[in-house]
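Topology and contacts: notes
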Amino acid sequence: MIEVFKTNVRNRSHAKMLVSQIHTAFGGYEANFDLDDCDNILRIKSITGTVQASRLIAFLRDFGFNAEILEDKCLL
């Protein structure tokens with residue numbers, strides 16, 4: 001499963017640190033940022049099942065960053 005989040009992460013060094021922390025805390029997740037996107041996208045792929053969005057949002061909040069699920073506009 002893949003979940004896409006809109007974030008307020010703008011700094012590449014913050015993004016790199018967060019990816020490392022996500023990989024450590026969530027062993028079954030593959031994470032990457034697209035800071036060139038206007039929504040500063042965080043993509044999470046769970047290789048073991050579903051993405052625990054609320055847990056991930058709280059995790060990022062602990063580091064001082066905001067995230068919200070980016071709705072798929074193609075489905076609306």
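About the thresholds
- Residues numbered from 1 in each chain as written.
- Predicted model: local features only at pLDDT ≥ 70, side-chain atom pairs only at ≥ 80, totals over all residues.
- Heavy atoms only, no water.
- Helix = DSSP H or I, 4+ residues; strand = E, 2+ residues; numbered from the N terminus.
- Core = buried A, V, L, I, M, F, W, Y, C linked by side-chain atoms within 4.5 Å.
- Buried < 20%, exposed > 50% of the residue type's maximum accessible area, 1.4 Å probe, protein only.
- Contact = heavy atoms within 4.5 Å.
- Pairing = 2+ DSSP bridges.
- Axes fitted to C-alpha atoms, helices over the stretch in contact; angles between N-to-C directions.

Although it is not a glycine, Asn 40 sits at a positive phi angle of roughly 45°. Within the fold, Asn 40 resides in the loop between β2 (29-34) and β3 (41-46).

Grouped together as the largest cluster of nonpolar side chains are 21 residues, with contacts concentrated most on Phe 5, Val 9, Ile 22, Phe 33, Leu 42, Ile 44 and Leu 56. Residue assignment for this core shows that the elements contributing at least two residues are α1 (12-25), β2, β3 and α2 (53-62). The leading source of residues in this core is α2, at five residues. Discounting residues that sit within four places of it in the chain, Phe 33 has contacts with Thr 7, Val 9, Ala 15, Leu 18, Val 19, Asn 40, Ile 41 and Leu 42.

Attention now moves to the sheet that holds strand β1 (residues 2-7). Sheet architecture is open: four strands sit in the order β2-β3-β1-β4, paired in antiparallel fashion. Looking at which strands have only one partner, the edges of the open sheet turn out to be β2 and β4 (67-69). Along the sheet, successive strands turn relative to each other by an average axial angle of 30°, direction set aside. By the bridge criterion, three bridges tie β1 to β4 in an arrangement that is antiparallel. Paired with Phe 5 across the two strands is Ile 69, which belongs to β4. Most of the contacts of α1 go to β2, to which it runs at about 170°, and overall it touches β2 and β3. Across the sheet, α2 is in contact with β1, β3 and β4; its angle to β4 comes to roughly 165°.

Honestly, it's all geometry; don't read function into it.
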